[in-house]
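Single-letter residue listing:
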Amino acid sequence: MPITVVNSTLCHPIASFPSSTFHSHQFSKRISGKGTWVCQRGRLYVKSSKLEAKRDEVSPKSSDTSSKSSSFLSFLCPLLKVFSGGDPSQERNHALEVATSSLASVARLPWGSRVSTASIDNSDVSSNPPLRLQLFEFEACPFCRRVREAMTELDLSVEVYPCPKGSVRHRELVRRSGGKEMFPFLVDPNTETLMYESGDIVKYLFKQYGNGRGPSTGLLESTLFTGWMPTLLRAGRGMSLWDKASTDLPPKMLELFSYENNPYSRLVREALCELELPYVLHNIGEGSTRMNSLLNASGSNKVPFLVDPNTGVQLGDYQKILAYLFQTYSSAASA
């Protein structure tokens, strides 16, 4: 008998799997910051027996690459934090912020800005799977960035579960579901697929939602050459949990209209990651089929645009969005 995973926030199922696929903890349970299960309405998290069976089948090359990348990030994280400007909630030098984010966009200029022609021509098939994909990642990770770039090209809306260093929620979910804390981690409830490894994820996304079209030229290979540039230029923003972030999860997911290589959207995504706030990412690259949705919501085609259904707030200016997020979702605000 299949089990349907329901997201009460979005009022539709987010997955329907055979019951044997799940390690069920009741529909009302959710993981807390301490790694224990606590009651919260409308969520069930997946533990895949298929993925468990494949844990020992990861190729040595793939595991070695992931291990080296993780080690490098572990070394880089505290080093970059020294240059990141301190508390992300404090007043910023916005000219410098925009300049470094713009340079990061230039470094990744060919990718993550527009929808591929194949996706536009076949929007009903490639861009709108019945159930949203779920991506566990963190903004500063170059391998996560490659997956987000592919999602922009494929015009996919996804649920993003940020997993910053010091995570109190989502990293534990990934470890319990897949057996290890490695990012990015993709869950596709449409095909019962759970997947590590950014290269494999990108190939999967194009095969499944690109109508046979392969990744754009250089997307898979480029991470080794320019993929680290945004991480370095942004001094590791979007890598670590803000120490004053609220541990209370909002009942409804925030929504962000964005595209991967937009310099202003990057600043907002960094903040969402540092606050570990899950959100629905509506990719609005050039040629997106969702442009009318953005126009209807904001009256403009500019991104970023944030919608917070928990408070009714809608904002389109990145500085106002940053101020709002750090004020609303700080530990002091939830006390």
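Residues numbered from 1 in each chain as written. Predicted model: local features only at pLDDT ≥ 70, side-chain atom pairs only at ≥ 80, totals over all residues. Heavy atoms only, no water.

The chain is annotated in an unreviewed UniProt entry as GST N-terminal domain-containing protein of Capsella rubella.

### Some remarks on the pattern of salt bridges
As enumerated under the stated definition, the model contains 15 salt bridges in all. One salt bridge connects R269 with E139, and the closest N-O pair in it is separated by 3.0 Å. Linking R269 in helix α11 (residues 263-274) with E139 in the loop between β5 (133-137) and α6 (142-153), this pair joins segments that are 130 residues apart in sequence. Note that D155 and R290 form a salt bridge whose closest N and O atoms lie 3.1 Å from each other. Within this pair, whereas D155 is found in the loop between α6 and β6 (157-162), its partner R290 is found in the loop between β10 (279-283) and α12 (291-298), the two being separated by 135 residues in sequence. Each member of the pair, D155 as well as R290, carries the same accessibility label: buried. Within this structure, E137, E139, R148, E260 and R269 form a network of salt bridges that share partners. (Salt bridge = Lys/Arg side-chain N within 4 Å of Asp/Glu carboxyl O. Helix = DSSP H or I, 4+ residues; strand = E, 2+ residues; numbered from the N terminus. Buried < 20%, exposed > 50% of the residue type's maximum accessible area, 1.4 Å probe, protein only.)

### Brief notes about the packing of α11 against helix α13 (residues 318-328)
Geometrically, a packed helix pair is captured by the angle between its two axes and the distance between the axes. At their nearest, the axes of α11 and α13 sit 9 Å apart, and the two run at 5° to each other. As the angle between them shows, α11 and α13 are arranged roughly parallel. Residues Y264, L267, V268, A271, L272 and E274 of α11 form the contact with α13, whose own contacting residues are Y318, I321, L322, L325 and F326. For the contact of α11 with α13, the per-class residue count stands at 10 nonpolar, no polar and one charged. (Axes fitted to C-alpha atoms, helices over the stretch in contact; angles between N-to-C directions. Parallel < 35°, antiparallel > 145°, perpendicular 65-115°, else oblique. Contact = heavy atoms within 4.5 Å. Nonpolar A, V, L, I, M, F, W, Y, C, P; charged D, E, K, R; others polar.)

### Comments concerning the nonpolar core
Core analysis: the biggest nonpolar cluster contains 42 residues, and M151, L186, L205, L254, L272, L275 and L325 have the highest contact counts within it. Counting residues per element, the ones that place at least two in this core are β5, α6, β6, α8 (198-209), β9 (254-258), α11, β10 and α13. Each residue touching L205, except ones within four places of it in the same chain, is listed here: L133, V147, M151, L154, L156, L186 and G210. Among the nonpolar cores identified, the runner-up in size contains 21 residues, and F138, V174, F183 and V187 belong to it. (Core = buried A, V, L, I, M, F, W, Y, C linked by side-chain atoms within 4.5 Å.)

### Description of helix α3 (residues 94-107)
Taking 1.5 Å per residue, 14 residues should reach 20 Å; α3 reaches 20 Å between its end C-alpha atoms and fits that length. Those residues of α3 not exposed but buried are H94, E97, V98, T100, S101, A104, S105 and A107. (Expected span 1.5 Å × (residues − 1).)

### Quick word on the packing of aromatic side chains
Enumeration over the complete set of coordinates arrives at eight aromatic pairs. Here F138 and F183 contribute two aromatic rings whose centre-to-centre distance is 6.2 Å and whose plane-to-plane angle is 80°, an arrangement assigned as edge-to-face. One end of the pair, F138, is in the loop between β5 and α6; the other, F183, is in the loop between α7 (170-178) and β7 (185-188), and 45 residues separate them in sequence. As far as the burial class goes, F138 and F183 line up, both buried. (Phe/Tyr/Trp six-rings, centres within 6.5 Å; stacked < 30°, edge-to-face > 60°.)

### What about the packing of α3 against α11?
Taken N-terminus to C-terminus, the directions of α3 and α11 make an angle of 110°; their axes are 8 Å apart at the nearest point. In terms of their interaxial angle, α3 and α11 are classed as roughly perpendicular. Contacts from E97, V98, S101, S102, A104 and S105 in α3 reach P263, Y264, R266 and L267 in α11. Its residues placed into classes, the contact of α3 with α11 shows five nonpolar, three polar and two charged.

### Notes on the sheet that holds β5
As summarised here, the arrangement of the eight strands in space is β8-β7-β5-β6-β10-β9-β11-β12, forming an open sheet in which the pairing is mixed. Sheet topology places β8 (193-195) and β12 (313-315) at the edges, where each strand pairs with a single neighbour. This sheet shows a mean twist of 20° between the axes of neighbouring strands, independent of strand direction. Across three bridges, the pairing between strand β11 (residues 305-308) and β12 is antiparallel. The partner of D308 across the bridge, within β12, is V313. Here α11 sits on the sheet and contacts β6, β9 and β10; the angle it forms with β9, its principal contact strand, is near 155°. (Pairing = 2+ DSSP bridges.)

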